[in-house]
Every structure is written in structure tokens, then in C-alpha cells.
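# An overview of the molecular structure
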Amino acid sequence: MSLLTPAVDRPSRTRRAVPRVELRSLDTLWFQVAGTVCNLACSHCFISCSPTNRTHEFLSLETVKQHLDEATRLGVKEYYFTGGEPFLHPDMEAILEATLEVGPATVLTNGLLLDPQRCARLAAMAERSEYSFDLRLSMDGYDAATNDPIRGTGTFERIMEGARNAHAAGVNPVLTVTEVHSENSTPAGRDRFFDLLRELGIEHPRLKILPVFQLGAQAERRGAYESWQRLAAGDVDDGSWEHLQCSSCRMVTDQGVWVCPILVNEPEGRMGETLADTLDSFPLGHPACWTCHVHGVSCKT
Amino acid sequence: MSHRVPEDAARRSRRHLDAQAIDKLTAHRGKATWGEKLVPLDEFRDAALQYGRSLDEAERKGAVSRYLSTASDGIEVEGPYQRIAVFGGIYNNSYGLEAVLEDAQRRGAEAVYCLGDFGGFGPNPEKIWPLLEQGEIGCIQGNYEQSLSSGAVDCNCGYADPRDNHFAAISYRYTAKNASEAFKRWMGGHPLRRRVRVGEKELLLVHGSPRRINEFLFASQTPTAYLEVLLDQEGADAVLCTHTGLQWHRRLPSGRDVVNVGVIGRPANDGQTHVWYSMLHAGSEGDLQVELLPLPYDHESLAADMRREDLPEEFVQTILTGWWTTCLEILPARERAASRF
């Protein structure tokens, strides 16, 4: 009888083969539209976005259109825009307009630039399109005392203002919350976020919970991954990686096409220049891949 | 003698915080974040360029054509028919099933097809079995049939939100408990797809999508370009699907059709108590004619049966009002905005 406890006495995984995930179908295309430039510098940001972080730069309207052309030929189903803060991009609305002509679009925003005029324009754009338009609004605590230490002083009120403006214009944002505070994802925590939205008059509160990745600023805050947090061959039956978003997504940045939104600050996450270069399988060798597998994460809504 | 006024502690600490914040906001000047390290921008960009492929034009064409190619499913094509009726999502609603069979016969359907999801939501799962057998309905498996016949722990509906999964689990447990093993085995005996000829057109019948049994094809979330790719890959003139509970039809620029045929198990979240199914018939010029048909049925008897079976009152209210009260979070923004709850 073995006296090993698998959870504690793990054999070293470093020498075991790295499993590969096949691209099952390219359903979701992400754009790192604002690069890593943000008007906030959240202490848990897995890619350390800030006003001066230009690891990835803004994507031009022209570059987005080229990738949309290629994506429609490949049968992409949905488009997501993130950064950084997408609404810092001067052409963001033109980019959305072009996208909504070919498919549904979602923007991940911190909400600080959602003034009433912009929200009205976004609502009108959504109305004109045959496809759905969604806003994902990031928040990390249900009050200033829990949110602001993560996202910055005064941000709680400004996020609420953004949500209020979106709702007033007729756009129902999906509040996107990380598990930076563990109670955020408990039933009681979820109820508090629902209550916040209901207080704004939002009758159908929408919520998306995401785990944190021990990368970037979050790694500085709480430490990086441990050596055992790696996927190895045999963790899942071969070919059963369908629950991972990388089996159905790619991410476009100004530096090329990456495997997913999480690994854009890891050179090994880069897969090529065009989507056609990236239709191959990808090795799940990064510790963040372990988080996606264990938590069943999907960055999409 | 110095005239400097001593700073108070709070002011000193505020200035200290500001300096920290400024450091944080400017830390990345000229630098890239490589994981948790800060490195010169060029070092990151040069390293990134070492990864990934840069194919030439011919190789890219080859990669795309390999990606888009699919092996033929080799299924025998049924028909040809001039007129068929197609529905999905019975959800244990025997009253809806009786109504659709009668309506389809009255409208002259030569064949009737069901695209799966026999169970869930409604009462007394066993009641629909003889109707399906006697009506000689051409069935395919939905995720429900696949799950029930294989003894899976959940319906594999594909929901992501805990609120949706809560009610989906109640439905599945009820159906799994109240359907006989013989019925479950029968469910698992149906194919996952069928091909049917209507006039000159070849129709591919699936549950969710040709790619996945539980893929949701909502109108506002399904790009036309995506559907053209699907039809190219499948070599079909039309795709018929269900799974979402919301019916729609789109004629593509290529002239081909995609029809979400609707469900007969619960209303379409529009405040109307009727349900929906589809009639497809050959047009006089070789084209495919598509009709989405509202179908009234005895919804009050269904609601009464559901209460007798102690099914959640939320489900009963959906049947009585025509508005969904559960499984709403999966809806795209457009369809969600049109919901009452």
C-alpha cells in the first residue's frame, strides 16, 4: 500500500511531457485593442497594465479590419476587445462599428470612460447591428473599502457611475469580478453584487466571476506560481481539452497573434503573424494553463 | 532661524502615498512586462518574435484549407420529400407533442422530424414515448438523450452561470428519475444527425450545431459568415437546429438557409403561451420555403400536471405567461434585453 498522499507528495512534474491543445474551431477572436495601456494600474492585473505600459501598443483600425477579414473567412463566431482600457483608444467606436457588421462584440472595460454621451452612442450602435453588443464592467469589491485598494482610490464610485450611465442608455453591463477577495464568488458575495446593480435600477443583474492569475502585478502582490503548478501529460485524457478556451480562441495584439488573452506578456504565447499561422496546436506548458484547467476558466462571458 | 512650518503627519503620509502611486504609474516607461519581470521593451519584443510561425502565402492557404476541410459524414440522405415538419425541445410536453403531430398532418407534412431534447422542464417523461413511436417521428439525439442514455450526471446543456445550472439540475434529476431505463436506451439509439432531401435541397438536421451537440445558435450571436463556413464544410443546402429554445430563420447571401426550428416544450420568452415549430417545403422554382409556425396547445393542462408533480413554480409560470423565468443568463445581450425576467 502506498503511503504517499498525492496532494502533498507530488512527484516532480518538470520532466513530464507537456500536453498540447488542438484548436477545435476558432470561435472567439480577442483583440488587445488598447495594448497594455490603461488609465488604472490595478494591483492584481495579470499583465500589469498602466498608463506607461507599452508592452503592447494600440491596434490600428486598419489592423483590426485586416484580422476581421481573415476571421470571417475562417468562420469566427464572436469578437472580444480588451486592454488596457479599450475606450482610451481614439478609434474604439469605429472599430466596434466595423466589428458589429460581421458579428457579436464584447468590450471589457473598467468603466471610467463610460460617460452618458459615449453610452448613448454605444447603445445606438448596438441597436443598428444585427448582432449582440455587450459591455463587461470590471469591479473587485462591492464597496469602496474592498474595491479601491485593488483598482485605485475613488474607482468604486466611478465604476458605479459608468454602470449607471450604461443602464440609462439601455446597455445592461455584465459586472466582471475576480476572486481577488475570496468571498466575491460565494453565494452571499454574488448577492451583494446583484444588490449593487439592482440599486442602480438594473432589473436583470448580470455577473461574471473570474479567478486571479498569479502573473504580472498579482505575482508581485501575492507571489508567482509554484513549480508544481504545471500541467503534464496524463492530467486529462488526450484530446479532452475542450473546456480550455485556447481550444477555440486566439488573441490579436500589435505584436502578432497570441494563443489566448492570458499569455500576451509571455513570449512563448505568441503563435504567429496572421490567424492562418496559428491554426496549429499549442503546448500547455505555462503555469497559467494550470489555473485555466483547474478552475475551468473561460475569459469569455 | 528657520521659518519652515512643520508638516503634520497626515500630510506627510499623503505625500508619501502619492510618490508611491506615481512610481507605480510610471514604472513601465521604456520597459515591457515579461510575466512578473520588467525588461527593456526590445528584449520582450525580440523574444516574442522567436516564437510562433510566419508562413508564406502558399503555406497559409494550405493551413486554412486544412482547417476548413471536414470529412464527409457519409450519412444516407432520406427522402426526397416535398414537405416536412421539424421541431425540437419536447421537454416532456406531451400536450405540445400531440398538437404538433396533428397540426403537421393537417398541413400535409409527409415526414416529421424531432431534433432532440425529449426531456427536462415538464412532467411525466414517459408519456411522450408512445407518441414518438406511433407517429414514426425521425428523431436525432439532443444533449438530453445523450446524457440520459449514458447515465451522465448532468444534462450537458452548456450553461455557464450557477443560476442557470441550478434549474437545469432540477429538470435533469426529475427526468432521469422518472424515465424508465428502456426509454433511456431507446433515446440513445437515435443518430446524432440526419440528412433529408426536400425538393432539390439537402438539409442537415442537428441538435445544437453541426460542430457540437450543445452549441447555442442564437440569432444575435451567430454571424452569417460563420454559417456560410459551416454549410461549406457540411456540403449542405440548409442546416436545421434547435437547442436554444428560440426560433429563427436566415437566408444567407449564398442562397442557403439556416433554421433554428424552435421548441415545442416551452414558449419562446415573448409573453405568448404558444410554442413554435417549422415547416419546410419545396418551392416551385427549386427553392426551399421555410415557415416558422406558432402552435397553441393545452398549456393549462400541462401547467396543472407540472404542479401535481411538484415541479418548480418558476417553470409553471413560464408555461402560463410565455416568459422565461429560468435559464436566462445564457441569453446574448439582445435576447436578454427582450426578456421580462
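Since we're looking at a predicted model, the values are computed, not measured.

Right, let's get into the overall build of chain A. Counting secondary structure elements, chain A contains 8 helices and 11 strands. Here the C-alpha radius of gyration of chain A, 19 Å, is about what a compact globule of 301 residues would show, namely 19 Å. Structurally, chain A occupies a C-alpha span of about 65 × 45 × 35 Å along its principal axes. Counting every position in chain A, which comprises 301 residues, the buried fraction comes to 63%. Counting contacts in chain A only where the partners sit at least 6 residues apart, residues at least 24 apart contribute 73% of the total. Element-wise, carbon and sulfur atoms account for 50% of the exposed surface of chain A, whose accessible area totals about 11500 Å². Each charge sign in chain A was given a centre, from 28 positive and 40 negative side chains, and these centres are 3 Å apart.

The next thing to look at is the confidence of the model for chain A. The pLDDT averaged across chain A works out to 92; a share of 94% of its residues lies at or above 70. Counting interchain partners and residues more than four positions distant, the pLDDT-below-50 stretch residues 1-9 of chain A has 1 contact.

For the rest of this paragraph, the subject is the layout of surface pockets. Counted as a void, the largest pocket has a volume near 1500 Å³. Lining the largest pocket are 50 residues, and of these S298(A), K300(A), T301(A), G158(B) and A160(B) lie nearest its centre. Residue assignment for the lining of the largest pocket shows that the elements contributing at least two residues are β3 (78-82), β4 (105-109), β5 (133-139) and β7 (206-210) of chain A together with α7 (162-178) of chain B. For the lining of the largest pocket, the class distribution of residues is 21 nonpolar, 13 polar and 16 charged.

Attention shifts here to the sheet that holds strand β5 (residues 111-114) of chain B. All names here are of chain B. Strand order in the open sheet made by the 5 strands is β6-β5-β4-β12-β13, with mixed pairing throughout. What marks the edges here is a single partner per strand, and that holds for β6 (138-139) and β13 (288-295). The sheet contact formed by β5 and β6 spans 2 bridges and is parallel. When the bridges of β6 are listed, Y113 appears paired with G138.

Residue and element names in this part refer to chain A. Relative orientation of the contacting elements helix α3 (residues 116-128) and helix α5 (residues 155-169) amounts to 40°, with a least axis distance of 8 Å. If you check the angle between α3 and α5, you find them oblique. Of the two possible hands of crossing, α3 and α5 adopt the one that is right-handed. Residues P116, C119, A120 and A123 of α3 pack against N165, A166 and A169 of α5. Grouping the amino acids of the contact of α3 with α5 by side-chain chemistry returns 6 nonpolar, 1 polar and no charged.

Reading the values: rules and limits
- Residues numbered from 1 in each chain as written.
- Chains lettered and ligands numbered in written order.
- Predicted model: local features only at pLDDT ≥ 70, side-chain atom pairs only at ≥ 80, totals over all residues.
- Heavy atoms only, no water.
- Helix = DSSP H or I, 4+ residues; strand = E, 2+ residues; numbered from the N terminus.
- Rg over C-alpha atoms; globule rule 2.2 N^0.38 Å.
- Buried < 20%, exposed > 50% of the residue type's maximum accessible area, 1.4 Å probe, protein only.
- Contact = heavy atoms within 4.5 Å.
- Areas by Shrake-Rupley, 256 points an atom, 1.4 Å probe, with all protein chains shown as cover.
- Lys, Arg positive; Asp, Glu negative; His and termini not counted.
- Charge placed at Lys NZ, Arg CZ, Asp CG, Glu CD.
- pLDDT = per-residue confidence, 0-100.
- 1 Å grid on protein atoms, 1.4 Å probe; cavity = no way out; pocket = protein on both sides within 12 Å on 5 of 7 lines; lining within 4 Å.
- Points joined across faces, edges and corners; volume = space filled by probe spheres on them.
- Nonpolar A, V, L, I, M, F, W, Y, C, P; charged D, E, K, R; others polar.
- Pairing = 2+ DSSP bridges.
- Axes fitted to C-alpha atoms, helices over the stretch in contact; angles between N-to-C directions.
- Parallel < 35°, antiparallel > 145°, perpendicular 65-115°, else oblique.
- Left-handed = near helix turned anticlockwise from the far one by under 90°.

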